[in-house]
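Now for the letters of each chain:
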Amino acid sequence: MGSKHRKGMERRTFLKTVLGAGAAGLVAPALLGSRASAQTAPAANAAARYARALDWAGPLTPSTRLTASHWGAFLAQVEDGKLVGVKPFGGDRAPVPMLQALPGRVYARSRIQYPMVREGFLKKGAKSDRGMRGAERFVRVSWDDALDLVAGELARVKANYGNASIFAGSLDWHSVGKLHNAPTLLRRMLGLFGGYTDNTGDFSVQAAMTILPHVTGNIEVYDQQTAWPTIIENTDLIVLFGADLMKNNQIGWTPPDHYAYPALAAVKERGIEVISIDPRLTDTARYLGADWVALRPNTDVALMLAIAHTLYTEKLHDEAFLKRYTVGFDRFLDYLLGRSDGQPKTPEWAAKITEVPAATIRDLARRMARGRTLLMGGWAIQRQDHGEQAPWMLVTLAAMLGQIGLPGGGFGFSYHYASGGAPAANAPVLSGISAGENPVKTAIPFAHGVSDLLLNPGKTVDYNGEKVTYPDVKLVYWAGGNPFSHQMDKNRLIRAWQRPEVTIVHDIFWTSSAKFADIVLPVTTTLERNDIDNMSEYTNQYILAMHKAVDPLFEARSDFEIFAELSDRLGFGEKFTEGKDEMGWIRSFYEEARKQAKAMKLAMPDFDTFWETGYVAFPVPESAKRYVRYGDFRKDPDLNPLGTPSGKIEIYSRTIEKFGYDDCPPHPTWLEPAEWLGGAKAKRYPLHLVSPHPKYRLHSQLDNTWIRDWYEVHEREPVWIHPDDARARGIAHGDVVRIFNDRGALLAGAYVTDRVRRGVIAVHEGAWYDPDEPGKPGALCKHGNVNTVTMDKGTSKLAQGNVANTVLVEIEKHTGPVPRVTAFEPPAQG
Amino acid sequence: MKRLIARQRLGGVLARAALALTALGLLASAPQPAPDRYCTVETTALYTAPQAKAPTCGRLELAVPLRVLETNDGWARVRLEGWQLQDAPTVLYALEGVRIREAILDACAQAKLQVLKTVTDEDTAQVWNRVRLAGFWVPEEALSRDLRNPWATAEALYKKNCSACHALHDPAQFTANQWPQVLKSMTSRTPLDKTQVAWITKYLQYHAKGIDPDKAPLPCGLTPAKPQNPPPEPAPPAGSGSR
């Protein structure tokens, strides 16, 4: 349903809300330029920006140390050896409020204080009752004993079953820093140990990054996007497909500079039209006054097909572009017009599937064809059953519009992530500790495969034209991640997790993954160690010193220290450390960057000066602001071919045709998801559940801080529910509710709002798991972890991505006493 | 025999070196390159005469196999063969239907192309020409018989720099066409410079998915791209396996 929100927007913008007090980022018009001033403003502003970077309380001292996080860089204020506050780094264009949760996080009650071993495992080792994982009490051991135990288990499993039976977990969000990268350090150690079974792919973007190399020859999701200043100058219409830029740009894999926020302010200032296609009215749609098209979840492909049908039948598509820059449009057209399957993909056809009126669909097509249109694809549209199809169809739609490679036109898949579209600085890049080679070549597509792997040794699965056979995993080692939060279908994971002989987890906190481990090693937060990083992922504008602000709490050690000690015990300590300690590595990363800088004729101070100053800034060249994705391809497709077999955009892929997958046809296709509102299962479970990324967490990180008071309802994760759906079930705003299906159940707090369409509920992922019966498959999550009800299925044989957003549930008011939330309490210890 | 000589340059001693290598080739078990076969180890322009001021007609990329027809005071006159899309004579590729780029040709080089055969690629229906280009000069220092050193460096740089943020990708995880684009997007997160990226690109392309080592023999002292069998492990568990 299209509904105008443009006119009624309050002037008190979301941006200001997000920025909170002391925001320094609202300089958008000057920074990015309107059409009139864009030519003159940027150079002058560069100097101003550096001046602003210096705008903090005097030089760094022992009581003000610079460091960084996934939420931004900041000054840590220390009093009497204790962290008392944080102040955003001046180079952050729009500091986010989550930064303020960091001091509390360091001192959280959920910190793991000492090395701990599950009691049964301590007594019986591999012969312990594995069903007690997650339920049994823990026993404190000394570091020496803990390290001996871990090294002994690694050696035992290797000797008995071989290296492939060691699974190194996944590459989760850990903490920023080029040295203290826990998943990479784990792999570095296990690689030297003879190898391990690894994962391949990417949990967030598996479907998109597997299909798009067949379509545009590129992964797209982490690519440099057409630069924001170019968009602001040229774009008439932005169409968001499941993309929430305001919310998701808050965080970054490397410390973010939040460039997207002044850019979005400029989009608003310039009055660029925005359409948001989403079951939710997102923060972005609200802030930009977008037209909201509230389709049924998982029906994006049907909607896009009908838009394509309208473009074609009304001759609004660009024949010349399709002919010169794409292949296979004719084959796709047979499908679009119904010649190959008897069903023309008309707006009327799509209206039944999407519940978007046919007239609205036609209007969308006409508006897209009217001026310069940029399609921004979020990643939610590919975390669903057959999630390969939506990104493919989005590229096809952009190809039909014919604006790919024109300033401000075409498509992009990274505008909601780490400020994709921010112009890149002319700067050296820090290397970092690396994992190196893994002698074991087995890598599983893990985006849905962890439970599948543990439950089915010897099973062969299809993956992007290959076959992968699961090894028999006996030891799981996880560092820097929380699989019990992110894996789909938790009850299946609990059963799977009971299979390996031993599970080892490094963590800062008693997360559910730590509670389900046999051996738990306590690690430091970023604030308790030194490191170094670039800021930010797409701009590389700064190199930041990350100073240790406080001493390690309790007996926590850094992952580097732990793996170095283990490597020593396993006989390759020197190879692991290369003879360098923490500061030795940091210095070497800096010196390497300094060498590059010299070749690039950029000045960088010596290391000691840098470490004292805290940062080095680099200039952003004017050309970076004019970057147009696929501009070179459009200019000369012969000289700049794409990475596809044809060198062009493949709307029909012979490669995929040859794979012969029944669930991934050779051109974009509407395929019914396993669960959706138009399917048979909706009779029993009539609500579609989406689980978007949280606004005030990074996945599960920060849920154990006071910041959860901002969003929790009755101490539970909120569930967005439409007033009509709530009323029909006797649910009132603030009620504790039970969400359930055949896979599991969770409690949540009802947040009744018309920001989510009828028939859809939304629970943000990442609330800490809190079972009423710890360790037991099927336990009720008292606190609201959404993955108790999600489905553990691959998107298709092509990508095997997760289908987090393909879930049907029912919801009811919780009756009886409300159980106490214990998610953040340490387990019983002895 | 030194297996890892840094770089064996062409020189005035071409004939002698060729003789010596032929002799070594007879003795060594591994097949040795023919005496006139070289590869580029630097990018270079295609010169119309053996002098730096001569007009140029295009550029050669790294790791391009070619034959040296004659030498002249630090310059080599070369001949190379490759593949082109029929309607895109600007670009010369190493293999039919696969975009491992070897040269970019200006009009004056395109005019000298000799078409050896024409095939239609069954997957893309695109028409490819096997072509020969002869007669251009390049500086001898851009050539070497032995790519093992830069190749090993590229491999090491790839393994070090591309396993810091994510698991190292098996080179066979992407096709030779996809690798340049994948590297283009990802290497902005690494300290690798342009030349290093160019070498890594070539290394990965020759080890990519679908590259048949029999049809794409690596030039200049390199072993075939495959096999990439995993090294033997102690006591592999029942039911375990690799791709």
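Since this is a predicted model, take the numbers as computed values, not measurements.

Draft legend 1. Spatial organisation of the sheet that holds strand β7 (residues 166–167) of chain A. All names here are of chain A. Ordered in space as β6-β5-β20-β19-β18-β7, the six strands form an open sheet in which the pairing is mixed. Two strands close off the open sheet at either side, each with one partner strand: β6 (138–140) and β7. The sheet contact formed by strand β5 (residues 116–118) and strand β20 (residues 519–522) spans two bridges and is antiparallel. Directly across from Met116, in β20, lies its bridge partner Val520. Across the sheet, helix α7 (residues 182–192) is in contact with β7 and β18 (475–479); its angle to β18 comes to roughly 140 degrees. Helix α23 (residues 559–570) contacts β18, β19 (502–507) and β20 of the sheet and is inclined by roughly 145 degrees relative to β18.

Draft legend 2. Structural detail: the interface of chain A and chain B. At the junction of the two partners, chain A supplies 59 residues and chain B supplies 52 residues. Both faces combined, the contact of chain A with chain B buries some 4300 Å², and carbon together with sulfur accounts for 48% of it. Ranking the residues of chain A by area buried against chain B places A:Lys441, A:Asp638 and A:Leu639 at the top, with a combined share of 12%. Counting across the chain A and chain B interface gives eight salt bridges. Where A:Glu437 meets B:Lys159, a salt bridge forms, and the shortest distance between an N and an O atom there is 2.8 Å. Those elements that place two or more of their residues in the side of chain A that touches chain B are α6 (143–161), β8 (198–200), α8 (206–215), β17 (466–469), α25 (582–599) and α29 (654–659) of chain A. When residues in the side of chain A that touches chain B are grouped by element, the largest group, four residues, is from β17(A). Among the residues forming the side of chain A that touches chain B, the class breakdown is 24 nonpolar, 22 polar and 13 charged.

Draft legend 3. Expanded view of the packing of aromatic side chains. Residues and elements named next belong to chain A. Counted under the stated rule, the structure contains 46 aromatic pairs over all chains. Consider the rings of Phe560 and Phe576, whose centres lie 5.9 Å apart with planes at 35 degrees: the pair is tilted. Residue Phe560 is located in helix α23, and its partner Phe576 is located in helix α24 (residues 573–577); the two are separated by 16 residues in the primary sequence. Residue class for Phe560 comes out buried when judged on its relative accessible area of 7%. One aromatic cluster is present, built from ring pairs that chain together Phe321, Tyr325, Phe411, Phe413, Tyr630 and Phe633. Just above the ring of Tyr287 sits the side chain of Lys268; from NZ or CZ to the centre is 4.8 Å.

Draft legend 4. Structural view of the state of the cysteines. Residues and elements named next belong to chain B. Taken as a whole and assessed by the stated rule, the structure comprises one disulfide over all chains. Bridging Cys57 to Cys108, the disulfide has an S-S length of 2.0 Å. Here Cys57 and Cys108 share a disulfide; its torsion about the S-S bond, -130 degrees, makes the bridge left-handed. With Cys57 in strand β3 (residues 56–60) and Cys108 in helix α2 (residues 107–110), the pair connects residues that are 51 residues apart, well separated along the chain. Taking the relative accessible area as the measure of exposure, Cys57 reaches 4% and is therefore buried. Accessibility expressed as a relative area gives 36% for Cys108, which makes it partly exposed.

The rules behind the values
- Residues numbered from 1 in each chain as written.
- Chains lettered and ligands numbered in written order.
- Predicted model: local features only at pLDDT ≥ 70, side-chain atom pairs only at ≥ 80, totals over all residues.
- Heavy atoms only, no water.
- Pairing = 2+ DSSP bridges.
- Helix = DSSP H or I, 4+ residues; strand = E, 2+ residues; numbered from the N terminus.
- Contact = heavy atoms within 4.5 Å.
- Axes fitted to C-alpha atoms, helices over the stretch in contact; angles between N-to-C directions.
- Buried area = accessible area lost by both parts, 1.4 Å probe.
- Salt bridge = Lys/Arg side-chain N within 4 Å of Asp/Glu carboxyl O.
- Nonpolar A, V, L, I, M, F, W, Y, C, P; charged D, E, K, R; others polar.
- Phe/Tyr/Trp six-rings, centres within 6.5 Å; stacked < 30°, edge-to-face > 60°.
- Buried < 20%, exposed > 50% of the residue type's maximum accessible area, 1.4 Å probe, protein only.
- Lys NZ or Arg CZ within 6 Å of the ring centre and 35° of its normal.
- Disulfide = S-S within 2.5 Å.

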